[in-house]
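Below, each chain spelled out in residue letters.
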Amino acid sequence: MNDSERRLALGSFLRNLRSSISPRDVGLPTGSRRRTRGLRREEVAQLASIGPSWYTRLEQGRDSSPSVSVLESLASALKLTPNERRHLFLLSGESLPPQLNGAEEIISPSVQMMLDELNPNPAYVIGRKLDFLAWNRAAEAVFTISEPSPPHDYNLMWRQFTDPVWREGLENWEYVSQRIVAEFRTSRARYLQDVSFKRLIDDLKRESTDFVRMWQHHEASSTLDGYKKLCHPTLGAMEFEHITLQFPNDPDRKIMIYMPHTATKSRLENYLILSI
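These lines cover the structure that appears in this document, whether it is placed above or below. Every value quoted in this text rests on a predicted model; they were computed, and no experiment measured them.

### Points about the overall build of the protein chain
No. 1: Looking only at helices and strands, one finds 13 helices and five strands in the protein chain.
No. 2: If one aligns the C-alpha atoms of the protein chain with their principal axes, the spans along those axes are about 70 × 40 × 35 Å.
No. 3: Taking all 276 residues of the protein chain together, 45% fall into the buried category.
No. 4: The long-range fraction of contacts in the protein chain, counting pairs at least 24 apart against all pairs at least 6 apart in sequence, stands at 53%.

### Remarks on the pairing of strand β4 (residues 236-247)
No. 1: As judged from the seven bridges shared by strand β3 (residues 226-232) and β4, these two strands associate in the antiparallel manner. Each residue of the ladder has a partner; that of Lys 229, found in β4, is Glu 239.
No. 2: Hairpin connection of β3 to β4: three residues between the antiparallel strands.
No. 3: Sheet analysis places β4 next to strand β5 (residues 250-260), joined by eight bridges and oriented antiparallel. Among the inter-strand pairings, His 242 is bridged to a residue of β5, identified as Tyr 258.
No. 4: Here β4 folds back onto β5 in antiparallel fashion, the turn holding two residues.

### Side note on the nonpolar core
No. 1: Of all hydrophobic cores here, the largest spans 38 residues; its most connected members are Tyr 124, Phe 143, Leu 156, Met 157, Phe 161, Phe 184 and Phe 211.
No. 2: Excluding anything up to four places from it in sequence, Phe 161 contacts Trp 173, Ser 177, Val 181, Leu 204, Ser 208, Asp 210, Phe 211 and Met 214.
No. 3: Of all hydrophobic cores here, the second largest spans 24 residues; its members include Leu 39, Val 44, Ala 75 and Leu 80.

### Digging into the sheet that holds β3
No. 1: With antiparallel pairing, five strands are arranged side by side in an open sheet as β2-β1-β5-β4-β3. In this open sheet, the two strands that pair with only one neighbour each are β2 (132-135) and β3. Direction aside, neighbouring strands of the sheet carry axes that sit 30° apart on average.
No. 2: Lying on the sheet, helix α6 (residues 109-117) is in contact with β1 (123-126), β2, β4 and β5; it crosses β2 at an angle near 55°.

### A look at the packing of aromatic side chains
No. 1: Evaluation of the coordinates by the stated rule reveals 14 aromatic pairs.
No. 2: Look at Tyr 124 and Tyr 258: their rings are 6.0 Å apart centre to centre, the planes differ by 35°, and that puts the pair in the tilted class. Pair noted here: Tyr 124 is in strand β1 and Tyr 258 is in strand β5, with a separation of 134 residues, a long-range link.
No. 3: Given a relative accessible area of 2%, Tyr 124 falls into the buried group.
No. 4: Aromatic pair Trp 135 and Tyr 154: ring centres 5.8 Å apart, planes at 25°, arrangement stacked.

### Here we look at the packing of helix α1 (residues 3-20) against helix α3 (residues 52-59)
No. 1: Packing of α1 against α3 brings their axes to within 7 Å, and their N-to-C directions diverge by 115°. Of the possible angle classes, the one that applies to α1 and α3 is roughly perpendicular. Mapping the contact onto sequence places Arg 7, Leu 10, Gly 11, Leu 14, Arg 15 and Arg 18 in α1 and Tyr 55, Leu 58 and Glu 59 in α3.
No. 2: Taken together, the residues that form the contact of α1 with α3 break down as four nonpolar, one polar and four charged.

The rules behind the values
- Residue indices begin from 1 for each chain and proceed along its sequence in written order.
- The predicted origin of the model limits local features to residues at a pLDDT of at least 70 and limits the giving and counting of side-chain atom pairs to 80 or more, whereas totals for whole chains, interfaces and linings rest on all residues.
- With hydrogens and water set aside, each side-chain value is computed from the structure's full complement of heavy atoms.
- Only DSSP runs of H or I with at least four residues qualify as helices, and only runs of E with at least two residues qualify as strands; both kinds are numbered from the N terminus onward.
- Accessibility here uses a 1.4 Å probe with only protein chains present; expressed as a share of the type maximum, an area under 20% marks a residue as buried, one over 50% as exposed, and anything in between as partly exposed.
- Every residue pair with non-hydrogen atoms within 4.5 Å of one another is taken to be in contact.
- Two strands form a pair only when DSSP identifies at least two bridges running between them.
- Each nonpolar core is a collection of buried residues, namely Ala, Val, Leu, Ile, Met, Phe, Trp, Tyr and Cys, held together in the definition by side-chain atoms within 4.5 Å.
- Orientation is described by axes fitted as lines to C-alpha atoms, over the contacting stretch for helices, and by angles from 0 to 180 degrees between their N-to-C directions.
- Only rings of Phe, Tyr and Trp enter the pairing, Trp through its six-membered ring, and a pair is recorded when the two centres are within 6.5 Å. The plane angle decides the type: under 30 degrees is stacked, over 60 is edge-to-face, the rest tilted.
- Angle categories are assigned with fixed cut-offs, so that under 35 degrees is roughly parallel, over 145 is roughly antiparallel, 65 to 115 is roughly perpendicular, and the rest are oblique.
- Here the term charged refers only to Asp, Glu, Lys and Arg, the term nonpolar to Ala, Val, Leu, Ile, Met, Phe, Trp, Tyr, Cys and Pro, and the term polar to all other amino acids, Gly among them.

Right under this line is the structure:
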C-alpha cells in the first residue's frame, strides 16, 4: 500500500482499538452519560501522554509520522498484544524495536487441552528463547522433555547441543541445528537486553564447539518444517512430517507438531497405551 493508504489503515486500526477498550480496563471512570463506545480520543491521548489534536490527526489518516516513543506509548495505553503492537509499527512505517524484557510465558489450559487431543501426534509449544512451555504425552515419549538437563532443563537449544541422545537420534543433525540456531538468533534480536538469553548463549559456548561454530555464521532464519527421521532408543526408527504453527496473538510462541507416518503412528499408539 502507498503512504496515504497506510495512514488511513493506521487510523482505522486505532479507532477499532479505542472502541474495543472499556474505560474500566484502563482505570478511568465509566460515567452514566458516556455516549462513546470504548474510550474517547482525548482519553487515549491522555493515557499515551500526547496531544489530543495530534492523536486526532493520526485517527483521521492525515499526514503525520509518529515516532517510536509515541508508538510505544500508544501500545502501552491501548494494552496491545505483541501481535497488535507489531501491526501498529508496520502501519506506521516504523521498524519494530527490540523488547527490553519478555513477559512471563503462560500457557492456558485450553492450549494444553489442544496438545493432549493431538496424541499420538507429538506436539509441544516453545517460547521466545525456545523453551518448552507445554507438551503432550506423545512428545514426552519421543523427546523425554521432562528429564532434567541442567542448568537449562526445558530448553530446546540446550538439548540440541548438549544431549548426546538427541544428537545421535536425529538424522541430518547438522542441518537441523543450523536452522535452529538461525531461528534462535532472530528471536534473540528482539530481546537484546534480556539477560536470560545471554546466560544461555554463554553456557552453550562453553559446552559446545559446534554451537560456537554455527553461532558465528549469521544465517537467515528458515523453516524447520518437513520430513524428520529420528532414531529412538526404545521405539527405533521413527518418521514424521513436521509443521510449525504460530500463535496469532504472540509471534514469539510456536506449536511444533510431528505427524507420524503409518508404522511410526502404530508404534506410538501402542506405546502410549502400555504406558498408562
